Amino acid sequence: MLTEEGVDKTADPLRFPYRIASRYHCKGYLGSGGSGLVFKAWDDLLQRMVAIKFIRNPTFVTRQRLVSEARALAKVNHPSLCSIYDIGEPVDEHSSLFMVMELIEGARLSELAGQLNIETTVRLIQKLAEGVAQLHAAGLVHNDINPTNVIIKHNNSDEPIPTLIDLSVADTPSKAYRNRQTGFGLTPLFSAPEQNDPKLKQTHRRELVDIYSLGALMFFLFTGQAPTSNPEQQLNEHAAQCPARLKKLIVKCVANDPAQRIQSASLLAQNLAAYRYQRYSWFPVTALVITITILFTATIAAFSDNNSIATTEPLEQIDVESIWTHQGIAYSLYTKELLRQNRLREARQQANLTVRFFQSALKNNSAEITALSEFIDFLERDDGLFNPSERTALLLDTASRIEKTEVEQHIRAYALAKIYFKLAKLHRSQPHLHSRWRERALSAVSSALEQHPNSQRYQQLRCIIKAENQQSSGGTC
Ligand SMILES: Nc1ncnc2c1ncn2[C@@H]1O[C@H](COP(=O)(O)OP(=O)(O)OP(=O)(O)O)[C@@H](O)[C@H]1O
């Protein structure tokens, strides 16, 4: 017997509300929201546990909503976003639909307020922000990021992965506010002011509602509360231990005015990554990154998202370009750590960001010798992040960018020598290419040495290239 809500209350909780393909065996009830009922199930065919969402009360609108959620999930692929496996109609109830998805088991963020240390909090929100950035890149806005929609899973590793569920109100940026009017409840405490008040003019990029919610999540983890009208004061009162830099970042995310918020999820993730890696004492400039980035988010977002955003900040007073260099270094360190933890897929994502930041540094002529050698070290590593042809393409691209930079000539020559030498090593199996790149490397390093004959670094590189060349080192080494 189905009730008004469409649920058979007399049924065994170990039975789905509708009959579906026999490959799925019900293993228990997981929970329900405004429109869905979710069950744990065993997929006999693929031999894995899954979660299955049924529509609580099938109507045209709820059906459409489940289809939208499924399509949103199908567009993305990130450990912090729940994966979708299938969607289908129950055997006897063609007005309804069910969706099969990744089973996410673990504590909810709502249970963890005040229990996590700063490092863990920052790491979790950084990961979520990376997932949300992917959602935005796929042209979607989540619209309802809140502590009950984030489950911390442990996927066979000690590293907790915060996973965002319930994309049922996800929408394209142009329609992001539509859900308010359809009557499906969002979570007002964690949603942006412009989502809660239809009178507020909605002229800003819709993705900024998710930035607000990510900031509100971080706020919640530190204070156990949702932000109200004076988040800064609340943070001072309830999270005395929260470092000032993080406070600034959180306050920036939950700004009432969308134009004052951090302008993209990827930028938020980058700021959090930079915050985490400032502990490298030899990397003093990172500490500046957050402050500078907060002040000039609009400019950075304009670059990183290809989105032109107006800003009232006096851009010319600060060397915004140097941010690319520092972010590049921070990301290459983060990539290294991910590799150390054997998290290859995530490391690849971060490696691509690293490359992007260093390339921007080169484009803006802001790369000085440290950044250049960090970038080249990064490209030289045999770490499995890129296959040989990808690495060759990256090296060639970088060489052509370096040729155009205005760094001092000996620095440029040394950087090019390192790149050519790496290209030579990559082409060992093709003797003519190998010798061509090796000779170019030798000529570039010799040119650097002409200007700085006493540089030990340059001398050492020439020796190594010569040794590879099986030539005599001429007594220089
Ligand atoms: N992939 C999943 N793995 C494990 N549990 C899940 C999963 N998806 C949903 N759940 C559980 O089911 C509950 C309801 O899911 P969800 O919030 O997506 O339903 P909904 O009806 O679409 O929500 P709303 O109407 O509030 O947007 C969740 O709170 C969670 O406990």
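Residues numbered from 1 in each chain as written. Predicted model: local features only at pLDDT ≥ 70, side-chain atom pairs only at ≥ 80, totals over all residues. Heavy atoms only, no water.

Caption draft 1: Looking closely at the site of the ligand. Taken together, the neighbourhood of the ligand is formed by 20 residues, with G34, G36, K53, R108 and D166 sitting nearest. Separating an oxygen atom of the ligand from a backbone N or O atom of G36 is a distance of 2.6 Å. R65 is positioned such that a nitrogen or oxygen atom in its side chain is 3.2 Å from an oxygen atom of the ligand. Compared with its free state, where it exposes 620 Å², the ligand has 90% of that area covered by protein. If you list the elements that add at least two residues to the shell around the ligand, you get strand 1 (24-32), strand 2 (36-43), strand 3 (48-55) and strand 5 (98-102). Looking at the shell around the ligand, the element that brings in the most residues is strand 1, giving three residues. (Near = heavy atom within 4 Å. Polar contact = N/O pair within 3.5 Å; in protein donor to acceptor, adjacent residues only side chain to side chain. Areas by Shrake-Rupley, 256 points an atom, 1.4 Å probe, with all protein chains shown as cover. Helix = DSSP H or I, 4+ residues; strand = E, 2+ residues; numbered from the N terminus.)

Caption draft 2: Layout of the pairing of strand 5. In terms of burial, strand 5 is largely enclosed, as five of its five residues are buried. One ladder, built from five bridges, connects strand 3 with strand 5; its direction is antiparallel. Bridge pairing in strand 5 places I52 opposite V100. Taken together, the four bridges between strand 4 (residues 84-88) and strand 5 define a ladder with antiparallel strand orientation. Residue G88 lies in a different strand from strand 5, and its bridge partner there is F98. (Buried < 20%, exposed > 50% of the residue type's maximum accessible area, 1.4 Å probe, protein only. Pairing = 2+ DSSP bridges.)

Caption draft 3: Summary view of the packing of helix 14 (residues 388-404) against helix 15 (residues 409-426). Axis separation between helix 14 and helix 15 bottoms out at 10 Å; the angle between their running directions is 160°. Regarding the angle of helix 14 to helix 15, the classification is roughly antiparallel. Crossing hand, helix 14 versus helix 15: left-handed. Residues P388, R391, T392, L395, L396, T398, A399, I402 and E403 of helix 14 touch helix 15, and the partners they reach there are R412, A415, L416, I419, Y420, K422, L423 and L426. A class-by-class count of the residues in the contact of helix 14 with helix 15 yields 11 nonpolar, two polar and four charged. (Axes fitted to C-alpha atoms, helices over the stretch in contact; angles between N-to-C directions. Parallel < 35°, antiparallel > 145°, perpendicular 65-115°, else oblique. Left-handed = near helix turned anticlockwise from the far one by under 90°. Contact = heavy atoms within 4.5 Å. Nonpolar A, V, L, I, M, F, W, Y, C, P; charged D, E, K, R; others polar.)

Caption draft 4: Representation of the confidence of the model for the protein chain within the structure. The predicted model of the protein chain averages 78 in pLDDT, with 79% of residues at 70 or higher. Confidence over residues 1-11 falls short of pLDDT 50; this stretch has 15 contacts with residues more than four positions distant or in other chains. This model gives residues 279-321 a pLDDT under 50, and the stretch forms 77 contacts once residues within four places in sequence are excluded. Note on the complex model: pTM 0.61, ipTM 0.96. (pLDDT = per-residue confidence, 0-100.)

Caption draft 5: Seen up close, the sheet that holds strand 6 (residues 107-108). Pairing within the open sheet is antiparallel, and its three strands lie in the order 6-7-8. Of all strands in the sheet, those bounded by a partner on one side alone are strand 6 and strand 8 (161-164). Bridge analysis of strand 6 against strand 7 (residues 150-153) gives two bridges, and the strand direction is antiparallel. From the neighbouring strand, A107 faces strand 7, where its bridge partner is I152. Running over the sheet, helix 2 (residues 118-137) touches strand 7 and strand 8 and is turned about 40° from strand 8.

Caption draft 6: Fine view of the nonpolar core. By size, the foremost hydrophobic cluster in this structure holds 71 residues, and its most contacted members are L109, L128, L246, L268 and L272. No other element matches helix 5 (residues 208-223), which puts 12 residues into this core. Excluding its chain neighbours within four sequence positions, the residues that come into contact with L268 are A129, L214, M218, L249, C253 and I262. Core analysis: the second largest hydrophobic core is formed by 43 residues, L385, A415, A417 and L461 among them. (Core = buried A, V, L, I, M, F, W, Y, C linked by side-chain atoms within 4.5 Å.)

Caption draft 7: Seen up close, the side chain of K127. Of note, K127 is situated in helix 2. With residues up to four places along the chain from it excluded, the contact list for K127 reads H78, S80, E159, P160, P162, R343 and E346.

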